[in-house]
Amino acid sequence: MGLIYNLKFILKDNKKEFFNMLIFHFCHSILMSIPTGLLVVIIFELFKKNPNQGFIWNLIILLVLLLALQLWLSAKAYTKASTITYKISKNLRMKLGNHLYKLGLGVFSKKNPSYFSSLLLEDVRSFENHFSHGIPNLISGFFSVIILFLFLFALNYKLAFFLLLGIICIIPFVFLAKLIIVKVGSKLIEKRGQISLRFLEYFDGMKYLKSFNVVDLKYNKLDNIFKEYKKLSFFVEILPSPIILVSLIFCELAFLFMVYNALEYYANNELLLPILISFLVIGYRVYDPIKLLMADFLQMQHMNSGLTRILKLLSYETIDNDHSGIMPASYDIKFNKVFFSYDNNKVFENLNLLFKENSITALVGYSGEGKSTIMSLLAKFWNVNKGEIKIGNVLLRDMSLHDLYTQISMIFQETYLFNDSIYNNIKIAKPKATKNEILLACEKAQCISFINNLQEGINTKVGEGGVKLSGGQKQRISIARALLKDAPIVLFDEATSALDPQNEFYIHQAMKELMKNKTVIIIAHKIANIKIANKIYVIANKKVAQEGTYSELIKQKGIFKEMLEYQEKNEGWKI
Amino acid sequence: MNKNNKEGVARLLQIAGYKKKLLIFSSLLSILHGILNLTPYLIIYAILFDITEQIFSLAKLQSYVIYGVGVMICSYLLFYVSLVSSHLAAFDIIYDFRKAIAQKLGKLSLGYLHNKQSGSIKKILIDDIEKLEGFIAHNLPDVVKSIMMPLIILCFMFYLDYRLAFASLIPLFVFLIWITFMIKSSHMKEIVKKYYDSSEHMDGVIVEYVKAINIMKVFNQEAKTFENYKSAIDSYTLQVIYFIKKNTPFFAILISFISNALLPILAIGLYLYFTQQVSLSTFLLFLILGVSYLKPILSLSTLANNMYSVMEGIKRVDTILEDKNQILDSKKKVNLKNYNIKFTNVSFAYDKQEVLKNINLDIPQGKITAFIGVSGAGKSTACELLARFYDVSQGKIEIGEHNIKDIDFSQLMNTVSYVFQDNFMFNDSLLNNITMGRNITKQKVINAAKIANIDSYINSLSAGYDTKYGEDGVVLSGGQKQKIQLARIILKDASIFILDEATSFFDAKNEYEIQKSINKLIVNKTVIVVAHRLSTIVNCDNIVLWDNGKIIAMGTHENLLKNCSKYQNMLEKRVS
């Protein structure tokens, strides 16, 4: 997207301040140009037969006063530019944070979390750096050039035109350079993506590479990409620079061309001496702001690609709404003719489910049939494409995320823990919980035994993401959270991993506590564990293949029975 | 890439030194470019001189201008060559660093790698190293030029007229005094530190906010988290704006003053001219030269910030390059008489925590040994030591009476097959994923795939074994990946198997098929099973019960059932 479009969007809420700053920069550039004008006046005076020294010294005094004014304006203008930049960046970060919260999980699942944090950190920071310096430079450069040229045209339009020629020649080159930078730049970004992919593969797969003695083979592949990247980055830097250099040469040539002609006019008595001198003294300085302008303009392209990413994220549709206080009267959950597809893959076609209050419903099926997706839909990580989901008499679509989440506890296969104490990790489920409540939840969730074995007990820090605990232990903490929260709906995604027997036993005990008097939905991987369920749905081929109780299902021919048979064989497996 | 304990700027210069010749060449050209770029000034001077001395000759002066055109074109050509060479140097150095890091990672012990986050190492390899480009290709030549050019012009000006030269220096003195004043002012230091702190704090909060956003939603902590997020951004903005109020006017005034520093030369020049101490042409030349020669110095003011972030990046690079956790390879091929494994007095500590304590154990060839115990009991660590993920802290592990440290590392790797729990796939064809890029006949691959129960699936794909996995390629289910891994292991045909019993099966059917293949695979090998399900191992020749880094019991199932209460305990829990 264009720079102007993006800037317009960014400046939406700060227009007034922005124009206020522009005025200051405009005044500053005028003051920067006035000395040049007075210099010409002085030169004219000097070439008179009897220069008026008093007049000239008066001008010098005027210059001193103007300088003071110029410095004051400069301080004002630059401070304003920086302040407004950081006000805007604050707004941007707040907007992004707010928006991220309201987005569905769909956006998150396609991108690495680091994509979002780098957007909030690096892209916004690039805006801060380039906007606070680049914009003032661009503005004052632009105004100074215009003022200087107006002045030169007044002195002698022909010579001024020669100088202008240089600038006119530059313009297509600058745009060409921009085009090339954008084009090769995007190739470079692509290559960079490849490097990170290959490197992560090399790093994460190292134990495989070592155990098959192929570290060198993979390393060579990686090395080739490093080499290609080296070449490409070299070209990205070196390809546009001749274009920029050629445009610089144009400036020099235009100046020399002007001098060449000025000498001719002077020799033919078509040009007054002071004017010739003025052009010699001032003329070369015309290009200084231009050179700065060019560099800043190209720098702006970096900022712009970041802004484009930011705007794109802000344009993603949100999944939340502002309704509040819409609470269901009962906790029966109903999927009515639900259609859902993910990335053009149809996941469900006409799915109908009923999860009764105060009962346990299990979802069973081979992997990849969409059991977890049912839970994600219920937790509103995604919106359904067609059909409706109701909790009690309330449409899920009409509930705000906040209201919805007060009513469900979720236990994921993978539990995310904060790098904080176990105590605080449990406490987030109910910030006002007393220590006793938390300890009770730990006890019911069978956490006490392992917590007591830790050196610092419940105050032990769990490391980033909870690395210091085993999968089973993390899941028990997750159950403790759910117990503490005590929400009427419980969603439990049983871990696929076979936990060691002790852990499995404990989790079983903990689950029994949790499931009392709730609407419970379990995604079960071990059929043996779902005998307790009041109802079982077997999911296959995008819809419900079988439903019934355990004892009903084992009598039927079908997927359920097939899975059960495999599982029995597995249980009997012996090495 | 040797560091020799240098840090900060010295280290950066040392790095630049790896491509000394190119960089000196580049700097010389850059200076030459600067000198040639003075040509227009000289032409102006010549014209002013001739006119004021009334020896004006159109033909002569116009020919100067023509020469000037040629010189300027040459000058920019030189500049281009200078840019090319500084970039060649920069990208070469960056490439060398990337290579060194990748090689180093290949040599570090696997245990060490496990504890590193791939994301942060990736950031070092890609982003941190990239920062060197700015420093080597741009900052370095800029510094040389911004120091050399003013010096050269200054010499020239002193040659013409020392009084005016001094006058032109006045802005520079102001600049220096101003800067020293700023740097010396301890108050400023404090503000800068606060600014960096709040910025760092905000970064941390943002990263966690993004990572935890969904879990926070689920627990309805969004208001609190967002409050946290908001206050971090607020305090950052507050600090920055305070910093700006204190700092920006300072710099703005400086920049405005330097870029329009006409006044001192004008005033002093006029005085000297009126008192006839200087010629009009010299005075006018100073008006042009004296104002513009200071501008390069301005580019130095942003340098400090850049350098800081480059140095931070290099510090991180150096910590990887200097890591001592390398596995030493004896590179000696040995003749293994048998594949019996023997642990003698093995202890192992990690992060000062003892993980294994004085382990003695025999694992005979042709038998199946099972390791059981709760997670963290040491059973996996023992296996990792055998595969040299780490080296033992004390004692020794032998295979066929050779200490594994004395066996050529790749021979050891060929001897031991570790069946991992995760199923890592490479972004490559399925064939290469099974062969791991080695040269193996297709027939062997197909045979292995058949045993692993994946051949028929692969054949059902349109590109068969050449089907790409990963980006733009086929997506495999977890179970299918498990089978590919199995095919790899079958092809490797090692003599010792460490079977970390897959804890994670994607569904019962898949599990059944994999178990069938495993039973075929392990006939007549030395096998260690790290078991999670007791029913699996009741027939094993020897069951080793681990607890808290020690072996607490050993024997057959019947044996342990009779004599070991802990074992009985484990069985009971399973049954209930």
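Residues numbered from 1 in each chain as written. Chains lettered and ligands numbered in written order. Predicted model: local features only at pLDDT ≥ 70, side-chain atom pairs only at ≥ 80, totals over all residues. Heavy atoms only, no water.

## Digging into the interface of chain B and chain A
Contact residues are listed per partner, giving 152 residues for chain B and 140 residues for chain A. The contact between chain B and chain A buries some 14200 Å² in all, and 70% of this surface belongs to carbon and sulfur atoms. On the surface where chain B and chain A come into contact, there are 5 salt bridges. As a salt-bridge pair, Asp203(B) and Arg125(A) come within 3.2 Å of each other at their nearest N and O atoms. At the junction of chain B with chain A, the criterion picks out 28 residue pairs in polar contact (both at pLDDT 80 or more). Ranked by residue count, the leading element in the side of chain B that touches chain A is helix α4 (residues 58-107) of chain B, at 26 residues. For the side of chain B that touches chain A, the class distribution of residues is 88 nonpolar, 35 polar and 29 charged. (Contact = heavy atoms within 4.5 Å. Buried area = accessible area lost by both parts, 1.4 Å probe. Salt bridge = Lys/Arg side-chain N within 4 Å of Asp/Glu carboxyl O. Polar contact = N/O pair within 3.5 Å; in protein donor to acceptor, adjacent residues only side chain to side chain. Helix = DSSP H or I, 4+ residues; strand = E, 2+ residues; numbered from the N terminus. Nonpolar A, V, L, I, M, F, W, Y, C, P; charged D, E, K, R; others polar.)

## Looking at the domain arrangement of chain A
By the assigned domains, chain A splits into domain 1 (3-315) and domain 2 (333-571). Placing a centre on the C-alpha atoms of domain 1 of chain A and another on those of domain 2 of chain A gives a separation of 55 Å. (Domains from an automatic or database assignment.)

## Details of the sheet that holds strand β10 (residues 543-548) of chain A
Residue and element names in this part refer to chain A. What the 6 strands build is an open sheet, ordered β6-β7-β8-β3-β9-β10; its pairing is mixed. If you trace the sheet from one side to the other, it starts and ends with β6 (408-411) and β10, each paired once. In this sheet, adjacent strand axes meet at a mean angle of 20 degrees when their direction is disregarded. Looking at chain direction, strand β9 (residues 535-540) and β10 are connected through 5 bridges and run antiparallel. Looking across to β10, one finds that Ala540 is bridged to Lys543. Its contacts with the sheet put helix α20 (residues 559-571) on β3 (359-364), β9 and β10, and the angle it makes with β9 is roughly 95 degrees. (Pairing = 2+ DSSP bridges. Axes fitted to C-alpha atoms, helices over the stretch in contact; angles between N-to-C directions.)

## Section: the packing of helix α3 (residues 53-102) of chain A against helix α10 (residues 263-274) of chain B
Geometry of a packed helix pair, given as the angle between the helix axes and the separation of the axes. Between α3(A) and α10(B), whose axes approach to 11 Å, the crossing angle comes to 165 degrees. Judged on the interaxial angle alone, α10(B) and α3(A) are roughly antiparallel. The handedness of the crossing between α3(A) and α10(B) is left-handed. On α10(B), the residues touching Gln53(A), Ile56(A), Trp57(A), Ile60(A), Leu63(A), Val64(A) and Leu67(A) of α3(A) are Leu263(B), Leu266(B), Ala267(B), Leu270(B), Tyr271(B) and Phe274(B). For the contact of α3(A) with α10(B), a count of residues per class yields 12 nonpolar, 1 polar and no charged. (Parallel < 35°, antiparallel > 145°, perpendicular 65-115°, else oblique. Left-handed = near helix turned anticlockwise from the far one by under 90°.)

## Observations concerning a nonpolar patch on the surface
All names here are of chain A. A surface patch of nonpolar side chains, about 560 Å² in accessible area, is lined by Phe153, Tyr157, Phe161, Leu165, Ile168 and Phe257. Looking at the nonpolar patch element by element, the count peaks at 4 residues for helix α6 (residues 157-204). A relative accessible area of 40% means that Phe161 is categorised as partly exposed. (Patch = residues over 30% accessible without salt bridge, like charges linked within 9 Å, V, L, I, M, F, W, Y side chains within 5 Å. Areas by Shrake-Rupley, 256 points an atom, 1.4 Å probe, with all protein chains shown as cover. Buried < 20%, exposed > 50% of the residue type's maximum accessible area, 1.4 Å probe, protein only.)

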